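Structural features, examined
So you can see what is in the structure, the chains are spelled out below.
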Amino acid sequence: MSLFITSLNSGSNGNCYYVGNEEEAILVDVGISCRQIESRMRRLGLSITKVKAIFISHEHTDHITGVPMLAAKYQIPVYITAKTLLNCKYPQAGFPIYILPSNDSVWIGELCVKSFVKTHDAADPHSFLVSYQGINVGVFTDIGVPCDQLIRHFQQCHAAFLEANYDEVMLTQSRYPYFLKERIRGGKGHLSNQQALSLFQNYRPAFMSHLILSHLSKENNHPQVAWDLFYPHMNDTQLVVAPRHEETPLYQIKASRVQVEVLPAE
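In what follows, the accompanying structure is described. (Residues numbered from 1 in each chain as written. Predicted model: local features only at pLDDT ≥ 70, side-chain atom pairs only at ≥ 80, totals over all residues. Heavy atoms only, no water.)

**So, the side chain of Ser-7**
This is how the line gets drawn: In DSSP terms, a helix is any run of H or I states spanning at least four residues, a strand is any run of E spanning at least two, and both are numbered starting from the N terminus. What qualifies as a polar contact is a pair of N or O atoms within 3.5 Å, subject to a donor-acceptor requirement within protein and to the restriction that residues adjacent in sequence count only when both atoms come from side chains. In what follows, residue pairs with any heavy atoms lying within 4.5 Å of each other are defined as contacts.
Mapped onto the elements of the fold, Ser-7 is located in strand 1 (residues 2-9). At 3.5 Å, the side chain of Ser-7 and the backbone oxygen of Asn-9 are in polar contact. Leaving out residues up to four positions away in the same chain, Ser-7 has contacts with Cys-16, Tyr-17, Phe-161, Ala-242, Glu-246, Glu-247 and Thr-248.

As structure tokens, this is what we get:
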């Protein structure tokens, strides 16, 4: 049994993450166009017909721009909290909408999607843990601080999309106005490289096979900067930095790389 994951796009220009098994899949956020999703999935050998649901983390445009077109074209149900829906201003018709229960689970076929509240400057922001046959994949981006809920769910992950939005020095020295710098690093914005690394170092489970650094800032971070910080600490966890303008490869996530031998009684 396996889960297959890819980032179809990650960054302030648009976010979309795919998690699925052999039969069904979900997307977390659709911040890029329907055409981009179709072409990127096609290059990966993925069928859009496997996508049975879209889960929305919050209402910022880089997470929802492509939802109406994609959901309407393929009649994909959209799961979204009531407060987030109110702030999205979606059309009244065109695709099915289901109110997402907070801190609860939704079953999409054999995929279990657990939502939980995160700290971000949005109406009702949520992160997600997707589970299948004992395999757990987390989608943890747009996070102001690594709260207890994030830590608890991160500890369950065989793979995780984890925000590493900014380098602290690059942000301080950037041309951003002071109020925007404070929004980013003020506890309701984004995780820095160092915050993400501390979470990984302190709470990574032994069975985590893949870490996909996500939502890197174009102005205040660089893929090589994030890679150089994390790589010495990875041990046998594979490090991936999700790009801003294309998909990652498709990764296969298995239940465990550590097999426990049960010895017969003497």
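**What about the packing of helix 8 (residues 193-203) against helix 9 (residues 223-230)?**
Two numbers describe a pair of packed helices, the interaxial angle and the distance between the axes. Which entries qualify depends on this criterion: Axis angles are defined between N-to-C directions and span 0 to 180 degrees, where every axis is a line fitted to C-alpha atoms and, for a helix, only to the segment in contact. Convention used here: angles under 35 degrees read as roughly parallel, angles over 145 as roughly antiparallel, angles from 65 to 115 as roughly perpendicular, and any remaining angle as oblique. By convention the crossing between two helices is left-handed if the near helix lies anticlockwise of the far one by an angle smaller than a right angle, and right-handed if it lies clockwise.
Taken N-terminus to C-terminus, the directions of helix 8 and helix 9 make an angle of 30 degrees; their axes are 10 Å apart at the nearest point. Relative to helix 9, helix 8 is oriented roughly parallel. The handedness of the crossing between helix 8 and helix 9 comes out as right-handed. Contacts from Asn-193, Gln-194, Ala-196, Leu-197 and Phe-200 of helix 8 reach helix 9 at Val-225, Ala-226, Leu-229 and Phe-230.

**Let's talk about unusual backbone geometry**
Most of the time, phi is negative for any residue but glycine, and the peptide bond is trans. As a reminder, the rule being used: Each residue's exposure class comes from its accessible area (1.4 Å probe, protein chains only) as a fraction of the maximum for that residue type: buried when under 20%, exposed when over 50%, partly exposed otherwise.
The backbone phi angle of Asp-29 is positive, close to 70 degrees, even though this residue is not glycine. Tracing the backbone shows Asp-29 in the loop between strand 3 (25-28) and helix 1 (34-43). Take Asp-29: its relative accessible area is 1%, and that puts it in the buried class. Within the chain, Gln-75 stands out as a residue other than glycine whose phi angle is a positive 50 degrees. Position of Gln-75 relative to the elements: it lies in the loop between helix 3 (67-74) and strand 5 (78-80). Classification of Gln-75 by relative accessible area gives partly exposed; the value is 46%.

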